[in-house]
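# Understanding the architecture of this molecule
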Amino acid sequence: MEYVNLGNAGLKVSKICLGCMTFGNSAEWMLETEQSKPIINRAIDLGINFFDTANVYSKGRSEEIVGELLQGRRNDIVLASKVRGVMGDGVNDYGLSRYHIMKQIEGSLSRLKTDHIDLYQTHRWDYTTPIEETLTTMSDLVRNGQVRYIGASNYFAWQLSKSLWTSKKLNLEKFVSMQNHHNLCYREEEREMVPLCKNEGVGLIPYSPLARGFLTGKYSRDLSPQSVRYGTDHLLHQRFFRSEDFDVLENVIELSNQKNVSPSQIALSWLFKKGITSIILGATKVEHIDSAVGALSVKLSDDDLRFLEDPYTPRDLSGPSYSTLTDTDLKRINDLKKDPLSNPPA
């Protein structure tokens, strides 16, 4: 395993983070405690020290499973969770207000069976709460000892920039990481977010590095998908079954055959070469962990990178950060990006 600093912070994390959204009960393909146990054990055995969950995953069940299975090993783990999602029917049961954050940190600590969270992340931007209120509250959690570092997820670049500026202006804790949507089939983050984070020393910890399983090679352009995930995960078939996505996938498969590795390992190795901090890997089988760790040893040349990237075409924005915008907002944003990617940042 390889370890790197989380952005400019002194905290060392493994280059693979175990994403724990797969642990829970809100979808047929998710895993309960006994099914999750061998995956967590294998991750730790292979040196993964970074685990990411969220209060909203299966309405807290993911945190409960992680908390139970990390008992006795908590001090060796960098534990991350998130806040912002809907956790009840009340008008204050979602968002990034001081009221909601203070309530949710207590719930997460209880479910995780711990007295602190190492990386507490805002799950996405809250358009109804001033960023000053959110950052002041998150800073108070750090001072209280309930949180060690703060991060963000699913932001536009301007939102992260405003957050960093506000932290500096008010002498508040600053976001040390950005959890963003980034993979070979979705590279829109390379326009602004990736260069911003690199310039500001913010760690990049992309989720969905395998495009919700699309880049594993299990799907074919000519065959109807049969997987349980495809049948129950509407975002999978909404986002990643364009003809252009299969153009990318077929190059991934071709290169994997040349190098005698799996398509997953090619897709993950590409992300490692893009200078990210740690990939967030969702695993439902022990073999998924083994394959991801193996990807750290896969070597890609500049020609390999060009071969993988050449089929990509610009696409509509996707991800939770855009779900609170109106159709008019989305159309305006997408109209600004008609030109194809040219010389995207390394």
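So, here's what we can say about the structure. Along each chain, the written sequence defines residue order, and numbers are assigned to residues from 1. Local features are withheld for residues below a pLDDT of 70 in this predicted model, meaning they are given only at 70 or higher, and side-chain atom pairs are given and counted only at 80 or more; totals for whole chains, interfaces and linings count all residues. Only hydrogens and water are set aside when side-chain values are computed; all heavy atoms of the structure are taken into account.

## Side note on the overall build of the protein chain
- Scanning the protein chain for helices and strands turns up 13 helices and 10 strands.
- Think of it in three bands: residues with accessible area under 20% of the maximum for their type are buried, residues over 50% are exposed, and the middle band is partly exposed, with areas taken using a 1.4 Å probe on protein chains only. Residue burial in the protein chain is summarised as follows: out of 346 residues, 56% are buried.
- Long-range pairs, those at least 24 residues apart, make up 78% of the contacts in the protein chain with a sequence separation of at least 6.
- The method behind every accessible area is Shrake-Rupley, applied with a 1.4 Å probe, and residues are considered shielded solely by the protein chains displayed. Surface exposure of the protein chain reaches about 15000 Å², of which carbon and sulfur atoms provide 47%. Where helices and strands are cited, they refer to DSSP runs of H or I of at least four residues and of E of at least two residues respectively, numbered from the N terminus. Contacts: residue pairs with any heavy atoms within 4.5 Å of one another.

## Quick notes on the nonpolar core
- We define a nonpolar core as any set of buried Ala, Val, Leu, Ile, Met, Phe, Trp, Tyr and Cys residues linked to one another through side-chain atoms lying within 4.5 Å. Counting 76 residues, the largest nonpolar core has Leu18, Phe51 and Leu215 as the members making the most contacts within it.
- The biggest single contributor to this core is helix α10 (residues 263-273), with 6 residues.
- Not counting chain neighbours up to four residues away, the residues in contact with Leu215 comprise Asn183, Leu184, Cys185, Pro209, Leu210, Leu249, Val252, Pro263, Ser264 and Ala267.
- Counting 13 residues, the second-largest nonpolar core is a separate cluster that includes Ala9, Val176, Tyr207 and Ile280.

## Structural notes on the packing of aromatic side chains
- We call Phe, Tyr and Trp rings a pair once their centres come within 6.5 Å, taking the six-membered ring for Trp, and we label the pair stacked below 30 degrees between planes, edge-to-face above 60, and tilted otherwise. The full count for this structure, using the stated rule, is 4 aromatic pairs.
- Between Phe214 and Phe246, the ring centres sit 5.1 Å apart and the planes meet at 70°, which makes this aromatic pair edge-to-face. In this pair, Phe214 sits in the loop between β9 (203-204) and α7 (228-232) while Phe246 sits in helix α9 (residues 243-259), placing the two residues 32 residues apart along the sequence.
- On the basis of relative accessible area, Phe214 is assigned to the buried category, the value being 0%.
- Within the aromatic cluster, the residues linked to one another by ring pairs are Trp125, Tyr155, Trp158 and Phe175.

## Regarding the environment of Tyr207
- One can find Tyr207 in the loop between β9 and α7.
- Judged by its relative accessible area of 13%, Tyr207 falls in the buried class.
- Residues Tyr207 and His182 lie 25 residues apart in sequence; the distance between their C-alpha atoms is 6.7 Å.
- Side chain to side chain, Tyr207 and Asn154 meet in a polar contact 2.7 Å long. The term polar contact refers here to a pair of N or O atoms within 3.5 Å; inside protein, the definition further demands a hydrogen-donor-capable atom paired with an acceptor-capable atom, and it admits residues adjacent in sequence only when both atoms are side-chain atoms.

## As for the pairing of strand β6 (residues 117-122)
- Of all 6 residues in β6, 6 are buried; the element is thus mostly enclosed.
- Pairing analysis gives 4 bridges linking strand β5 (residues 78-83) to β6, with the strands arranged parallel. By the bridge assignment, Ala80 is partnered in β6 with Leu119.
- Across 5 bridges, β6 lies against strand β7 (residues 147-153) in parallel orientation. Across the sheet, residue Tyr120 finds its bridge partner in β7, namely Ile150. A pair of strands is considered paired only if DSSP assigns at least 2 bridges between the two.

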